[in-house]
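Residue-level structure breakdown
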Amino acid sequence: MYGTDAARRTRTGALAGTAALAAMALLGACSSSDGDGDGPPRKESPASGAAGNPGPFWVNPESKAAQAWAEARRDAPGEAELVEAIAGRPAGQWIGTDDPEGEARRLTEAAAEADRTPLLVLYNIPHRDCGQYSKGGAESADAYRAWIDRVVSGIGDREAWVVLEPDALPHLLVPGCVPAELHDEHYALLSEAVAKLSALPETRVYVDAGNPQWVRDPGGMVEPLRRAGIEQADGFSLNVSNYQTTEANAEYGKRLSSMVGDKPFVIDTSRNGNGPVPGDEAEEAWCNPPGRALGQPPTTETGDERIDAFLWVKRPGESDGTCRGGPQAGEWHHAYALELARNAQ
């Protein structure tokens, strides 16, 4: 996400090849607070009536959505079913910086106890998000390496799926975003993280590759993915925190997959039920846009051997940033959550 209004950039450009890089503008960023922000998991969880079967993935009973669902049951029963449609489905757990080892351990242990697989999101690369709403990240390359080591230690031999550094690779293609002298360092950090995570016995790792509206020519992502260690990874991720349709992502992903050794991929379907705002490529069309809907619930039954899963990487109901009256990035945005769920009915 992005910081101040003065610092915002249009995110509607595309990478059509080397010549287009200089003209590319930003298009869909991630929106999460620095870390998960949820308390220690409890055994009580939302009922499954409205949410359906979460499949193999773990539902965090202490998520912000679960807390909002409990409040709705108490104070606004008419909203409870809408909130439960979010709270009862598995979503990404964005690992924070305060205690990454302990957090990763607690999450994976809770998921293992429930016989489910947690989805972890690692979002701490230095110079994260071009200084916009979700700016931040590790203070240095060595700090990032230490953070990754602690996450790896926390996961251990328990099962986990990991989405690695949403937006990091596409941002390297945006002139002026990540200082040019740091590009090699970023590629090294990503490839090292892939190697460490892939060495874990029960961990799958997917390197983020943007979305088809951002890097429109999949060929533009081939070299970045290779430099980031895609050969060692289990695949790549698409559409994190964005609204592009599942169909568009599937078509794009299969084209990109064919260029990187037929690697499979996952698609973030958390809020793409109505696709992006029709015909709107204005500044911040990605930020809390109106009229959007929850998408396909998380599942590994995708009907396509190239697509490993549809996932809710971005946690629906949490704000993209302080645009359109929303709270800080990653904070619960109750009115927007209700709209997403209502529009999906």
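1. Looking at the overall build of the chain
Looking only at helices and strands, the chain has nine helices and seven strands in total. A burial count over the chain gives 59% of its 345 residues as buried. Sequence separation of 24 or more characterises 75% of the internal contacts of the chain that already satisfy a separation of 6 or more. In the form shown here, the chain has an accessible surface area of approximately 12,900 Å², with 45% of it arising from carbon and sulfur atoms.

2. Details of the environment of R145
Residue placement: R145 occurs in helix α4 (residues 141-155). In this structure the C-alpha to C-alpha distance between R145 and A193, which are 48 residues apart in sequence, comes to 7.7 Å. When residues no more than four places from it in sequence are discounted, the contact partners of R145 are L189, E192 and K196.

3. With respect to the sheet that holds strand β4 (residues 203-208)
Taking strand neighbours across the sheet as the criterion, the seven strands line up as β1-β2-β3-β4-β5-β6-β7 in an open arrangement whose pairing is parallel. The open sheet has two edge strands with one neighbour each: β1 (93-94) and β7 (307-311). Across five bridges, the pairing between strand β3 (residues 160-164) and β4 is parallel. When the sheet's bridge partners are listed, V162 is paired in β4 with V205. Across the sheet, helix α8 (residues 246-259) is in contact with β5 (235-238), β6 (265-268) and β7; its angle to β6 comes to roughly 155°.

4. Notes on the pattern of salt bridges
One pass over the structure, following the stated rule, counts 14 salt bridges. Across the pair K196 and D149 runs a salt bridge, and its minimum N-O distance is 2.8 Å. Placement of K196 in helix α6 (residues 183-198) and of D149 in helix α4 is noted, with a sequence separation of 47 residues between them. For K196, a relative accessible area of 27% corresponds to the partly exposed category. Since its relative accessible area comes to 38%, D149 is described here as partly exposed. Residue R306 pairs with D262 through a salt bridge whose shortest N-O separation is 3.1 Å. Of this pair, R306 sits in the loop between β6 and β7 while D262 sits in the loop between α8 and β6, placing them 44 residues apart in sequence. Of the residues examined, R306 reaches a relative accessible area of 22% and is grouped as partly exposed. Each of the salt bridges in this network shares a partner with another, and the network as a whole consists of D142, R145 and E192.

5. Digging into the packing of α4 against α6
The angle between the axes and the distance between the axes are what describe a pair of packed helices. Look at α4 against α6: their axes get within 10 Å of each other, and the N-to-C directions meet at 15°. With respect to α6, the axis of α4 lies roughly parallel. By crossing handedness, the relation of α4 to α6 is classed as right-handed. Contacts between α4 and α6 involve A141, Y144, R145, I148, D149, V152 and I155 from the former and E185, L189, E192, A193, K196 and L197 from the latter. Class assignment of the residues belonging to the contact of α4 with α6 gives a composition of eight nonpolar, no polar and five charged.

6. Things to note about the side chain of D208
Of note, D208 is situated in strand β4. Polar side-chain contacts of D208 include one of 2.8 Å to the backbone nitrogen of D167.

7. Describing a negative patch on the surface
Together, D115, D157, E159 and E202 make up a region of like negative charge exposed at the surface. Note that D157 resides in the loop between α4 and β3. By relative accessible area, D157 is classed as exposed at 56%.

8. Some thoughts on helix α9 (residues 334-344)
Regarding α9, the residues found buried are Y336, A337, L338, L340 and A341. In this structure, the buried residues of α9 make contact with α2 (77-87).

9. Let's talk about empty space enclosed by the protein
Inspection of the entire model under this criterion finds two cavities of 30 Å³ or more. Its volume calculated, the largest cavity comes out at about 100 Å³. Taken together, 14 residues line the largest cavity, and the ones lying closest to its centre are S63, A65, I86, R89 and A91. Looking at side-chain class alone, the lining of the largest cavity contains eight nonpolar, three polar and three charged residues.

10. Some details on α2
Of the positions making up α2, those classed as buried are A80, L82, V83, E84, A85, I86 and A87. Of the surrounding elements, those touching the buried residues of α2 are α1 (64-75) and α9.

11. Description of the confidence of the model for the chain
Per-residue confidence for the chain gives a mean pLDDT of 86, with 81% of residues at or over 70. Confidence drops under pLDDT 50 across residues 1-29; counting only partners more than four residues distant or on other chains, this segment forms 104 contacts. In this model residues 47-53 is a low-confidence stretch, pLDDT under 50, and it forms eleven contacts with partners more than four residues away in sequence or in other chains.

12. Notes on the packing of aromatic side chains
What the rule picks out here adds up to five aromatic pairs. Between the aromatic rings of Y144 and W147, the centroid separation amounts to 5.8 Å while the plane-to-plane angle is 35°, which identifies the pairing as tilted. Taken as a pair, Y144 and W147 lie in helix α4 at a separation of three residues, close to a single helical turn. Put simply, the rings of F57, W161 and Y206 touch in pairs and so form one group of aromatic residues.

Cut-off values and rules
Residues numbered from 1 in each chain as written. Predicted model: local features only at pLDDT ≥ 70, side-chain atom pairs only at ≥ 80, totals over all residues. Heavy atoms only, no water. Helix = DSSP H or I, 4+ residues; strand = E, 2+ residues; numbered from the N terminus. Buried < 20%, exposed > 50% of the residue type's maximum accessible area, 1.4 Å probe, protein only. Contact = heavy atoms within 4.5 Å. Areas by Shrake-Rupley, 256 points an atom, 1.4 Å probe, with all protein chains shown as cover. Pairing = 2+ DSSP bridges. Axes fitted to C-alpha atoms, helices over the stretch in contact; angles between N-to-C directions. Salt bridge = Lys/Arg side-chain N within 4 Å of Asp/Glu carboxyl O. Parallel < 35°, antiparallel > 145°, perpendicular 65-115°, else oblique. Left-handed = near helix turned anticlockwise from the far one by under 90°. Nonpolar A, V, L, I, M, F, W, Y, C, P; charged D, E, K, R; others polar. Polar contact = N/O pair within 3.5 Å; in protein donor to acceptor, adjacent residues only side chain to side chain. Patch = residues over 30% accessible without salt bridge, like charges linked within 9 Å, V, L, I, M, F, W, Y side chains within 5 Å. Lys, Arg positive; Asp, Glu negative; His and termini not counted. Charge placed at Lys NZ, Arg CZ, Asp CG, Glu CD. 1 Å grid on protein atoms, 1.4 Å probe; cavity = no way out; pocket = protein on both sides within 12 Å on 5 of 7 lines; lining within 4 Å. Points joined across faces, edges and corners; volume = space filled by probe spheres on them. pLDDT = per-residue confidence, 0-100. Phe/Tyr/Trp six-rings, centres within 6.5 Å; stacked < 30°, edge-to-face > 60°.

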